[in-house]
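If you want the building blocks of each chain, they are given just below.
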Amino acid sequence: MIFSGPAVAAIEQFNFIHWGKWDGLSQNDVFCIMQSSQGYLWLGTEEGLNKFDAYDFVGYQPDASDPSSLSFHGIRALLEDEKGQIWVGTHAGLNIYLSKSNTFRRVEIEELQRADIRDILQDVHGNLWVATADAGLWLMQNGHWEKLQEGAFQVLFEDRLGQLWLGSKEGLFMVQQGGRRLETIPLNKGEAFNVRAIAAEGDQLWVGTNGHGLWALDLYNHNNRQHFMKADGLEGNTIISLAVDLEKRLWIGTENQGLQVMNLGGALVPQVVNSVKFDISKSAITSIYLDPVGRIWIGVYGKGVFMHDPAQPFRHISHANHLTNGLSNNNVRGMYFDETDGWFLATDGGGMNIFDAHQDYFDQLPEGALTTNHLLSIEKHQDGKYWIGTYRNGVDIWDKRSNQIQNISVASRPDLGLQNDNIWCILPDNRGGMWLGTSGGLAFQAKDNQPFSVYCAQEGDSSSLINNEVRALTQDVKGDIWVGTFGGLSRYSVREDRFYNYILPENLSRTPGIMGILEDEHLNLWIGTYGGGVFRFDRFREVFIPIAGFENLQIFSMVEGQEGVIWVASNEGIHRFNPRNGGIETFTTNQGHRFGNFIYGSKISFPDGQIAFGGTDGLVIFDPAQVRTKERELPLHFTQFRLLNEDQSNIDEQGHISMIDEVYLEPDQNVFSLTFACFDFGNTSTIGYRYKFDVRPNNKWHEIGNERTVTFTDPPAGKYNFVLQAYRINSPDVLLAERSLIIEILPHFYETLYFKVLIFIVFVIAAIAVWKWKERSWRLQQLFLNQQVELRTSELQHQKEELEAKNEALASAEKKNHHLLQEQFSERLYYRERELTAHTLNTISKNELLKRVKIDLSKLKLQEKEDKSLLKKALQEIDDSLEMEKDWKKFNALFGEVHRDFVQKLKAKHPDLTEHNLRLCYLYRMDLSSKEIGITLGISLNSVKVARHRLRKKLGLEEEVDLLNYLHSFL
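As recorded in an unreviewed UniProt entry, the protein goes by HTH luxR-type domain-containing protein and comes from Persicobacter diffluens.

Now the structure itself:
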């Protein structure tokens, strides 16, 4: 198989992230690298020391006027000891970094102050060893310095047995554990080689020399050794840096011949380290450092620092002029893998690339072997021949065994009926036929050299292909052919020999284009679209079901991995989609290489589970099993503290802001900023931040994205808990790190509890004094008031007696006046009532008389016509007299005056009574009989009864209610 053992390393093009002077590094000659326990990366250059937090470089330079600065600008050695102190070796002196004050202390050993320090090491016993190029070998034990050996020492190394190894210009030396005596270890009898670098893996010690290649020694038997030179695969014989990574690979830095790597678990063959973006093949590799999590840091002379993370599962393979094992072209359109023949990559412009597992590189079919180098697709027929789809040149059929190629195109084989020469996709079916997706429809050849059946879109024919631009093909478990086109999805029923068409609804996708089709192991049909994301097609209901999380994405390819997981390549990256729970994880970058430039349908799944996606920038290959679901723990620190817009990161005696957990601020220090960094080197663009800042622990999170500085203005005095979290922007629930800082803002003196208690006590004392003074004043005032009250009481008593006498006289006079007024009113009322009665009796008497006269006149029978007229006139005058309108007006006025309350109450309760109803009520109120009422009103007795009945209804009286009693109730 292609991808096993050394073959993986052989085709690996290492993805490096690069930093240099343009990023803030003080200088591009990096001679030593070290990551501290806090996570900072320290880099020594020819022009000063640098501290790197994955975002910013902080530089340290010597200052002749400042004894707390570095002793020299050329940095060659770095070490963090077991106490957390950082030792800095320069070309002129040894320094210790004081993190609390962010300054340096120079080691006050006269000879070391001038020495060219080349390496520093602390052994398992805590002893400090210092190698110098001009002052010999030094040892600090229990705080005491001692020079052990003269000589030009360059490198120190302690193996797993506790043995100390020293490399010098005079050769290789060893100090037994706990010893002090140096023992010479010859690499070659009679010769002393200049030793520049040392590393170890297991029981093997690796030694790099100046001009004499690479040596391997057995730790137990030093005479058991191996020697590697240019003839053995090394690019150069001068090895100046070495390191072994977690995968047991030896990294070899040469002088001006680049970087190599050798797999110590396999054949010991050095391989050139090829970088996709950077050509370091002729560079001096001045330092190699393996950090605590396994990243490889490379210092390259004149080019800055490079970092490679082997834990990153995604590997990028592409074309570059300086690569010895790269592709011929970066436009990878199609891929095919055969366990016997190898791995084929069809490129658009670079022809066919074939990976040779034996030669460990990509080979290319010779120029002219194919009809064109612009390839679009590749598949293998059952007969063992490879069908290669081209752009504008039909399909090339390559017989690898005979190395013969047959071309079928519109022009070359018109007898076969192919109608378009752009072969975007190829599908071998389960019956031995070949389906070609073209820009002119779908072509099918049942058997070799038979004419193609061409299926095209026919307007008005729903059983034809939906669109002629075909971009995806697959055969389902029933044998039907599914076709993805620019116009939608088609299914060719082999049994019925017809197409069924399905169009994406406009509200679900911006375009109807189908660019990928996948039937998974559970027979779900997944559809990748051009700008509409991923859909599951329900074949029973014939509907597209959108998958949340892929909206508006361009889907290039889909591959089913292990355990039913589907890997999707889109314009936003590579996605891991779990159909069982709908979960989506997105991977957007890999060590500075951004995903997204993929090509539709360019994909492959290898038998060992690895997956590759092709694109316009080469291909990305990965093992899904190595794509970690759990993030590694990352350092998160506060890197700067600004107070009133001034840098105050070193807080008095507490130390640097990155090292403390609590900050105290004075009341007037009310504007401050915090800057922070999560040390994920090379992936900072994927990190987001959120924080809480409040006295209450359950305050809400403030999302700030990529921002790394927060500023607070005028927060009230109090003890605040600033909690900071770092997370992946594309997975906010994945927590990378958390850090907290207590910030206590002291109150003004007038806001303190002591001041408030003092004010309270003063207030109480003042209140008591005032109360005492007021109590005395109240007593004096009370005495004076009592005297005044007694005097005034006596005067008032006298006045009261006089008033009582006057009141009695006034009351007697008022009583008399009231009695007289009452008598006058009663008398007047009496006369009015008599007048009313007389007026009523007079009316009755007059009406009775007139009625009798009318009766008598009616009995007269005049013979003459003139006499009849006179009679009629007399009767009319009597009727006019009976109306009594003036009499009634007077009657109403008199009755209203005498019985005012009765009239008001009656009208208030029965406002709808007519004038006739009121007259009847008035007469009944005067206790007149029905006969008297009839005479008064000038109506008969029966009419009175009728009027009485109507009045009862008007008043709403029940039968058992007596009318007279009801009227008397209004008195």
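Caption draft 1: Focus on the overall build of the protein. Looking only at helices and strands, the protein has ten helices and 69 strands in total. The buried share among the 971 residues of the protein stands at 49%. The contacts in the protein between residues at least 6 apart in sequence include a share of 51% that link residues at least 24 apart. Total accessible area computed for the protein in this model is approximately 48,400 Å², and 49% of it derives from carbon and sulfur atoms.

Caption draft 2: Layout of the pairing of strand 10 (residues 117-122). Direction of pairing for strand 10 relative to strand 11 (residues 128-132): antiparallel, over a ladder of five bridges. Bridging from a neighbouring strand, Gln122 pairs with Leu128 of strand 11. Linking strand 10 back to strand 11 in an antiparallel pair, the connection comprises five residues, with Gly126 at a positive phi of about 90 degrees.

Caption draft 3: Local environment of helix 6 (residues 900-909). The complete set of buried residues in helix 6 reads Phe902, Val903 and Leu906. Each buried residue of helix 6 sits inside an arc of 95 degrees when the element is viewed along its axis, so together they form one side.

Caption draft 4: How the structure looks around the packing of helix 7 (residues 915-925) against helix 8 (residues 930-937). In the contact formed by helix 7 and helix 8, the axes pass within 10 Å of each other and the chain directions differ by 135 degrees. Here helix 8 runs oblique to helix 7, going by the angle between their axes. With respect to the hand of their crossing, helix 7 and helix 8 are arranged in right-handed fashion. Contacts between helix 7 and helix 8 pair His916, Leu920, Leu923 and Tyr924 from the former with Ser930, Ile933, Thr936 and Leu937 from the latter. Considered class by class, the residues forming the contact of helix 7 with helix 8 number five nonpolar, three polar and no charged.

Caption draft 5: Looking closely at the layout of surface pockets. Put simply, the largest pocket is a space of about 1,500 Å³. Taken together, 40 residues line the largest pocket, and the ones lying closest to its centre are Asp119, Val155, Leu156, Leu242 and Ile288. Mapped by element, the contributors of at least two residues to the lining of the largest pocket are strand 2 (30-35), strand 6 (75-80), strand 10, strand 14 (153-158), strand 18 (195-201), strand 22 (239-244) and strand 26 (285-290). Here the residues of the lining of the largest pocket sort into 26 nonpolar, six polar and eight charged.

Caption draft 6: Highlighting the pattern of salt bridges. Under the criterion given, the structure shown has 31 salt bridges. Its salt-bridge partner being Arg708, residue Asp56 comes within 2.6 Å of it at the nearest N-O pair. One end of the pair, Asp56, is in the loop between strand 4 (48-52) and strand 5 (57-60); the other, Arg708, is in the loop between strand 66 (702-705) and strand 67 (709-713), with 652 residues separating them in the sequence. Owing to a relative accessible area of 13%, Arg708 belongs among the buried residues under this scheme. Between Arg160 and Asp203 there is a salt bridge, with the nearest N and O atoms lying 2.0 Å from each other. Taken together, the residues span a long stretch of sequence, with Arg160 in the loop between strand 14 and strand 15 (164-168) and Asp203 in the loop between strand 18 and strand 19 (204-209) at a distance of 43 residues. Each of Glu111, Lys147 and Glu150 takes part in salt bridges that share partners, so that together they form one network.

Caption draft 7: The arrangement of the packing of aromatic side chains in detail. Summed over all chains, the structure comprises 63 aromatic pairs. Both rings, one in Phe672 and one in Phe693, keep their centres 6.3 Å apart while their planes meet at 65 degrees; by these two values the pair is edge-to-face. With Phe672 in strand 64 (residues 671-678) and Phe693 in strand 65 (residues 687-694), the pair connects residues that are 21 residues apart, well separated along the chain. Judged on exposure class, the residue Phe672 and its partner Phe693 are both buried. Measuring from ring centre to ring centre gives 5.9 Å for Tyr691 and Phe712, while their planes differ by 90 degrees; the resulting arrangement is edge-to-face. Linking Tyr691 in strand 65 with Phe712 in strand 67, this pair joins segments that are 21 residues apart in sequence. With a relative accessible area of 12%, Tyr691 lands in the buried category. An aromatic cluster of three or more residues is present, and its members are Phe314, Tyr530, Phe556, Trp567, Phe587, Phe598, Tyr600, Phe613 and Phe622. The cationic tip of Lys51 hangs over the ring face of Tyr40; the distance from NZ or CZ to the ring centre is 4.7 Å. Directly above the ring of Trp424 sits Arg471, whose terminal nitrogen or CZ lies 4.0 Å from the centroid.

Caption draft 8: Just the UniProt feature "domain: HTH luxR-type" (unreviewed entry) in the protein, in detail. UniProt marks residues 927-954 with the feature "domain: HTH luxR-type" (unreviewed entry), using the numbering shown here. In this annotation, residues 927-954 is assigned 79% helix and 0% strand; the end-to-end C-alpha distance for the span is 20 Å.

Caption draft 9: Highlighting the sheet that holds strand 27 (residues 296-300). Ordered in space as 1-28-27-26, the four strands form an open sheet in which the pairing is antiparallel. In the strand order of this sheet, the two ends are held by strand 1 (17-19) and strand 26, each with one partner. On average, each strand axis in the sheet is tilted by 20 degrees relative to the strand beside it, whichever way the strands run. In this sheet, strand 28 (residues 304-308) lies alongside strand 1 in antiparallel orientation, the contact comprising three bridges. When the sheet's bridge partners are listed, Ile17 is paired in strand 28 with Met307.

Caption draft 10: Layout of the sheet that holds strand 51 (residues 566-570). Strand order in the open sheet formed by four strands is 50-51-52-53, and the pairing between neighbours is antiparallel. With partners counted over all chains shown, the strands left at the sheet margins are strand 50 (555-560) and strand 53 (583-587), one partner each. Neighbour-to-neighbour, the strand axes of the sheet open up by a mean angle of 20 degrees, direction not taken into account. Pairing analysis gives five bridges linking strand 52 (residues 573-578) to strand 53, with the strands arranged antiparallel. Bridging across to strand 53, His575 finds its partner in Thr586.

Caption draft 11: Summary view of the packing of helix 7 against helix 9 (residues 941-955). Contact pair helix 7 / helix 9: the axes reach a minimum separation of 10 Å and the direction vectors enclose 105 degrees. Taken together, the axes of helix 7 and helix 9 are roughly perpendicular relative to one another. For the pair formed by helix 7 and helix 9, the contact residues are His916, Asn917, Leu920, Cys921 and Tyr924 on the first element and Val944, Ala947, Arg948, Leu951 and Lys954 on the second. A per-class count over the contact of helix 7 with helix 9 returns six nonpolar, two polar and two charged.

The rules we used
Residues numbered from 1 in each chain as written. Predicted model: local features only at pLDDT ≥ 70, side-chain atom pairs only at ≥ 80, totals over all residues. Heavy atoms only, no water. Helix = DSSP H or I, 4+ residues; strand = E, 2+ residues; numbered from the N terminus. Buried < 20%, exposed > 50% of the residue type's maximum accessible area, 1.4 Å probe, protein only. Contact = heavy atoms within 4.5 Å. Areas by Shrake-Rupley, 256 points an atom, 1.4 Å probe, with all protein chains shown as cover. Pairing = 2+ DSSP bridges. Arc of directions from axis to C-beta. Axes fitted to C-alpha atoms, helices over the stretch in contact; angles between N-to-C directions. Parallel < 35°, antiparallel > 145°, perpendicular 65-115°, else oblique. Left-handed = near helix turned anticlockwise from the far one by under 90°. Nonpolar A, V, L, I, M, F, W, Y, C, P; charged D, E, K, R; others polar. 1 Å grid on protein atoms, 1.4 Å probe; cavity = no way out; pocket = protein on both sides within 12 Å on 5 of 7 lines; lining within 4 Å. Points joined across faces, edges and corners; volume = space filled by probe spheres on them. Salt bridge = Lys/Arg side-chain N within 4 Å of Asp/Glu carboxyl O. Phe/Tyr/Trp six-rings, centres within 6.5 Å; stacked < 30°, edge-to-face > 60°. Lys NZ or Arg CZ within 6 Å of the ring centre and 35° of its normal. UniProt positions renumbered as here; feature names shortened; annotations may be inferred.

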